[in-house]
Amino acid sequence: MESTVSDFRQRFIRFALDHDALKFGQFTLKSGRQSPYFFNAGAFSTGEALGAIGNFYADAILAAGIEFDVLFGPAYKGIPLAAATAIALAERTGKPIPWVFNRKEAKDHGEGGNLVGAPLAGRVLIVDDVITAGTAIRESLQLIAAAGAQAVGVSVMMDRQERGQSDLSAIGELRRDYDLAVINIASLDDLIAFCADRADLAESRGRMEAYRAEYGVRAD
């Protein structure tokens, strides 16, 4: 059976497994749900891994064909991810890729303010690790709007495709409420497809399909 996962998504899943960022098994989430897999972006903790992750983001962004003027990395996890992505995209396209990040606390000396890097202007693409409740992204959207810029999308590593209190996931709510493009490197559907032709992961695939049936988004 030929995998339906696109090449960069399949390579990312393999990479995440090799770096123990992705694990199959039984895990209790903060929500109390019993998940058949766990994803920890913090496991990508070397320069080599960060460089590779920047290239995976670049793969997803270029495949999406989204137009933007500047990358925004929300403090704190989004800062190195936006930097790595800007480097990868610059190498791929041969164009300077502006990027900017925010401070949690505004600086009251030197250049001051709570933004560092390129001007936060024009069309902004947010780069972050994952979206859980969407709170951090909404805070970024407020900051972007306050600067007079326009958020056009958000790029994340993993979309769990899991609904929250409503039939929509946090990602689905962002699409609905802000008309944002959401670009993911991989999703729960991709994980299931990855396991499809691997006998050693057949049990994990079955558990993920059951999890998707119980908790997956019904409308997104």
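An unreviewed UniProt entry lists the protein under the name Orotate phosphoribosyltransferase, with Halothiobacillus diazotrophicus as the source organism. Among the UniProt annotations of the protein, the heading Sequence similarities (unreviewed entry) holds the following wording: "Belongs to the purine/pyrimidine phosphoribosyltransferase family. PyrE subfamily." Of the protein, the UniProt comment under Subunit (unreviewed entry) reads exactly: "Homodimer."

Attention shifts here to the side chain of serine 35. Within the fold, serine 35 resides in strand 2 (residues 34–39). The exposure class of serine 35 is buried, given its relative accessible area of 0%. A distance of 3.0 Å separates the side chain of serine 35 from the side chain of arginine 160, its partner in a polar contact. With residues near it in sequence (within four places) discarded, serine 35 still touches Gly25, Gln26, Phe27, Leu29, Arg160 and Tyr211.

A word on the side chain of serine 187. Its location among the elements puts serine 187 in strand 8 (residues 181–187). The buried category is assigned to serine 187, whose relative accessible area is 6%. Apart from the residues lying within four places of it in its own chain, the contact partners of serine 187 are Met158, Asp159 and Gln161.

Another aspect to go through is the environment of isoleucine 137. Structurally, isoleucine 137 is set in helix 4 (residues 135–146). Linking isoleucine 137 and phenylalanine 72, residues 65 residues apart in sequence, is a C-alpha distance of 11 Å.

Tallying each qualifying case throughout the model produces nine aromatic pairs. A centroid spacing of 4.9 Å and a plane angle of 55° characterise the contact between tyrosine 211 and tyrosine 215, whose relative ring orientation is tilted. Separated by four residues within a single helix, tyrosine 211 and tyrosine 215 lie in helix 7 (residues 202–215), roughly one turn from each other. One cation-aromatic arrangement involves arginine 198 over phenylalanine 194; the distance from NZ or CZ to the ring centre is 3.9 Å.

To continue, consider helix 4. Between its first and last C-alpha atoms helix 4 spans 17 Å; for 12 residues at 1.5 Å apiece the expected length is 16 Å, and the two agree. Backbone geometry just after helix 4 places glycine 148 at a positive phi near 85°.

Attention now moves to the pairing of strand 1 (residues 22–28). Relative to strand 2, strand 1 runs antiparallel, the two sharing five bridges. Across the sheet, the residue bridging to phenylalanine 24 is tyrosine 37, located in strand 2. Hairpin remark: strand 1 followed by strand 2, antiparallel, with five residues in the connecting loop; positive phi at glycine 32, about 95°.

Another point: the UniProt feature "binding site: orotate" (unreviewed entry) in the protein. Per the UniProt record, "binding site: orotate" (unreviewed entry) is annotated on Phe38, Phe39, Thr132 and Arg160. These annotated residues cover 123 residues of sequence, and their C-alpha atoms lie no more than 13.0 Å from one another, placing them together at a single site. Note on placement: threonine 132 falls in the loop between strand 6 (123–127) and helix 4. Checked against the element boundaries, arginine 160 lands in the loop between strand 7 (150–159) and helix 5 (170–178). For arginine 160, a relative accessible area of 22% translates into the label partly exposed. The residues contacting arginine 160, other than those within four sequence positions of it, are Leu29, Ser35, Tyr37, Leu188 and Tyr211.

For the coordinates displayed, the defined rule picks out 16 salt bridges. Residues glutamate 67 and arginine 123 are paired through a salt bridge, measuring 3.1 Å at the closest nitrogen-oxygen approach. Of this pair, glutamate 67 sits in the loop between helix 2 (47–64) and strand 3 (70–73) while arginine 123 sits in strand 6, placing them 56 residues apart in sequence. Of the residues examined, arginine 123 reaches a relative accessible area of 30% and is grouped as partly exposed. Between arginine 160 and glutamate 162 there is a salt bridge whose closest N-O contact spans 2.9 Å.

Turning our eyes to something else, we now look at the packing of helix 4 against helix 5. The relative placement of two packed helices comes down to the angle between their axes together with the axis-to-axis distance. Relative to each other, helix 4 and helix 5 sit at 25°, their axes nearing to 10 Å. Looking at the two axes, helix 4 sits roughly parallel to helix 5. In the crossing of helix 4 with helix 5, the sense of the turn from one axis to the other is right-handed. Within the contact between the two elements, helix 4 uses Ile137, Arg138 and Leu141 and helix 5 uses Glu173, Leu174, Asp177 and Tyr178. The residue makeup of the contact of helix 4 with helix 5, split by class, is four nonpolar, no polar and three charged.

Cut-offs used in this document
Residues numbered from 1 in each chain as written. Predicted model: local features only at pLDDT ≥ 70, side-chain atom pairs only at ≥ 80, totals over all residues. Heavy atoms only, no water. UniProt positions renumbered as here; feature names shortened; annotations may be inferred. Helix = DSSP H or I, 4+ residues; strand = E, 2+ residues; numbered from the N terminus. Buried < 20%, exposed > 50% of the residue type's maximum accessible area, 1.4 Å probe, protein only. Polar contact = N/O pair within 3.5 Å; in protein donor to acceptor, adjacent residues only side chain to side chain. Contact = heavy atoms within 4.5 Å. Phe/Tyr/Trp six-rings, centres within 6.5 Å; stacked < 30°, edge-to-face > 60°. Lys NZ or Arg CZ within 6 Å of the ring centre and 35° of its normal. Expected span 1.5 Å × (residues − 1). Pairing = 2+ DSSP bridges. Salt bridge = Lys/Arg side-chain N within 4 Å of Asp/Glu carboxyl O. Axes fitted to C-alpha atoms, helices over the stretch in contact; angles between N-to-C directions. Parallel < 35°, antiparallel > 145°, perpendicular 65-115°, else oblique. Left-handed = near helix turned anticlockwise from the far one by under 90°. Nonpolar A, V, L, I, M, F, W, Y, C, P; charged D, E, K, R; others polar.

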